[in-house]
Amino acid sequence: MSAVSSRLPVFPWDKLEPYKATAAAHPDGIVDLSVGTPVDPVPEVIRRALVAAANSPGYPTVWGTAELRDALTGWVERRLGARGVAHTNVLPVVGSKELVAWLPTQLGLGAGDRVAYPKLAYPTYEVGARLCGAEPVSYEDPTELDPAGLKLLWLNSPSNPTGRVLDKAELTRIVAWAREHGVLLFSDECYLELGWEAEPVSVLHPDVCGGSYEGVVAVHSLSKRSNLAGYRAAFLAGDAAVLGELLQIRKHGGMMTPAPVQAATVAALADDTHVAEQRARYAARRAALRAALEGHGFRIEHSEASLYLWATRDEPCWRTVAHLAELGILVAPGDFYGPAGDSFVRVALTATDERVEAAVKRLG
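Residues numbered from 1 in each chain as written. Predicted model: local features only at pLDDT ≥ 70, side-chain atom pairs only at ≥ 80, totals over all residues. Heavy atoms only, no water.

Chemist: Please set out the overall build of the protein residue by residue, giving values where relevant.
Modeler: Helix and strand counts for the protein come out as 12 helices and 13 strands. The C-alpha radius of gyration computed for the protein amounts to 20 Å, which stays within 12% of the reference 21 Å derived for 364 residues, consistent with globular compactness. In terms of its C-alpha atoms, the protein occupies a principal-axis envelope of roughly 55 × 50 × 50 Å. For the protein, the share of sequence-separated contacts (at least 6 apart) that also reach a separation of at least 24 residues comes to 75%. With the model as given, the accessible surface of the protein reaches about 14,900 Å², and the carbon-plus-sulfur share is 54%. For the protein, the distance from the average position of its 35 positive side-chain charges to the average position of its 43 negative side-chain charges is 3 Å. (Helix = DSSP H or I, 4+ residues; strand = E, 2+ residues; numbered from the N terminus. Rg over C-alpha atoms; globule rule 2.2 N^0.38 Å. Contact = heavy atoms within 4.5 Å. Areas by Shrake-Rupley, 256 points an atom, 1.4 Å probe, with all protein chains shown as cover. Lys, Arg positive; Asp, Glu negative; His and termini not counted. Charge placed at Lys NZ, Arg CZ, Asp CG, Glu CD.)

Chemist: Describe the environment of glutamate 189, with residues and values.
Modeler: The topology assignment puts glutamate 189 in the loop between strand 6 (184-188) and helix 7 (206-209). On the basis of relative accessibility, which here comes to 1%, the residue glutamate 189 falls in the buried class. Among residues more than four places away in sequence, those in contact with glutamate 189 are Leu80, Ser157, Val201, Ser202, Val203, Ala218, Val219 and His220. Engagement of the side chain of glutamate 189 in a polar contact is seen with the side chain of histidine 220, the distance being 2.8 Å. (Buried < 20%, exposed > 50% of the residue type's maximum accessible area, 1.4 Å probe, protein only. Polar contact = N/O pair within 3.5 Å; in protein donor to acceptor, adjacent residues only side chain to side chain.)

Chemist: Tell me about the environment of leucine 150, residues and numbers included.
Modeler: Tracing the chain through its elements places leucine 150 in strand 5 (residues 150-156). Owing to a relative accessible area of 3%, leucine 150 belongs among the buried residues under this scheme. Between the alpha carbons of leucine 150 and leucine 184 there is a distance of 8.6 Å; along the sequence they are 34 residues apart.

Chemist: An account of the sheet that holds strand 12 (residues 332-333) is requested, with residue identities and associated values reported.
Modeler: If you trace the four strands from one edge of the open sheet to the other, you get 9-10-13-12, paired in antiparallel fashion. Lying at the two open borders of the sheet, with one neighbouring strand each, are strand 9 (299-301) and strand 12. Bridge analysis of strand 10 (residues 308-312) against strand 13 (residues 344-348) gives five bridges, and the strand direction is antiparallel. Opposite tyrosine 308, over in strand 13, you have alanine 348 as the bridge partner. (Pairing = 2+ DSSP bridges.)

Chemist: Quick one: what's the story with the sheet that holds strand 7 (residues 216-221), residue by residue and with numbers?
Modeler: Overall, mixed pairing links the seven strands, which are arranged 2-8-7-6-5-3-4 in an open sheet. Edge positions in the sheet fall to strand 2 (90-93) and strand 4 (135-139), since each of these pairs with one other strand and no more. When strand polarity is set aside, the average angle formed by the axes of neighbouring strands in this sheet is 20 degrees. Pairing between strand 3 (residues 114-118) and strand 5: three bridges, direction parallel. Note that in strand 5 the partner of arginine 114 across the bridge is leucine 150. The sheet strands contacting helix 4 (residues 96-106) are strand 2, strand 3, strand 5, strand 6, strand 7 and strand 8 (234-238), and the helix crosses strand 5 at an angle near 160 degrees. Sheet contacts for helix 8 (residues 240-253): strand 2, strand 6, strand 7 and strand 8; angle to strand 2, the most-contacted strand, approximately 40 degrees. (Axes fitted to C-alpha atoms, helices over the stretch in contact; angles between N-to-C directions.)

Below, the structure written as structure tokens:
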């Protein structure tokens, strides 16, 4: 039996462990700005909904309850500006990482097929291609790719790791190119609620997709906007034919969002107050960390949205990681996200106010 893991790259976070140990040895403790995992409380309105649905002895459905689908379609229309969104245009998933990793397999891709993603990108896009035996391809501009054999095109705006936002004109151009060449386009929009110096736009906006969802699917997550990373709550919206096929496959695979999490998702999408409150927390942390990093000699590029600052001192990224670890600050090396990031580090905003204040003092 051949090991599937042999197709995959080395799990990058393991390489950070020695630097984590150095940072943890700081007298005032580590400030971990490496992994973008939420640290603030789950909003009370969501926890109440979860508890109220805790007595759920039966199996949930893969497509979710009618109430969940109503919440998904309503949010997509209200927040993304999409029009005419039906239940067939939405599908809950068990966290967005699961979807990204297994989507090429569920689409039936394999040897001879190509999956494209940005040159600087979340590593799981490549992993998804390798799991099914497809060829991973990275790009600067997707419209310069050879469309032959290209079956799946990933967009990511706002970007992880850079925070770059694709504007409406750029998205429109890419969607038109993908449709012209029959390439299925998935847009990872998990950071869309976290625009700072730009207003992120969805591929489902009528100005981008022309009011048709043919060949276009958006991926959304509640992990960051609602502090629900531990709940594994995410969903797809877009092309009904694509989602219908995925629904059938996922039924056979038992990929069901737990019933209490479905109820919590309904509550989360109905409440904008907690989203605004969380944005304010991240905005304050972002301002403090950005000023401290720039004062310490860093240059910040892109970073107009998302939960990260893309920072450089124009030196190899691991040298920067080591320097900051000596200050008790742990960050992610840019080469985790592709060779183009080898002189950058990704600094997450996901630390408590107290730990952010500690980092600011150390950088000063």
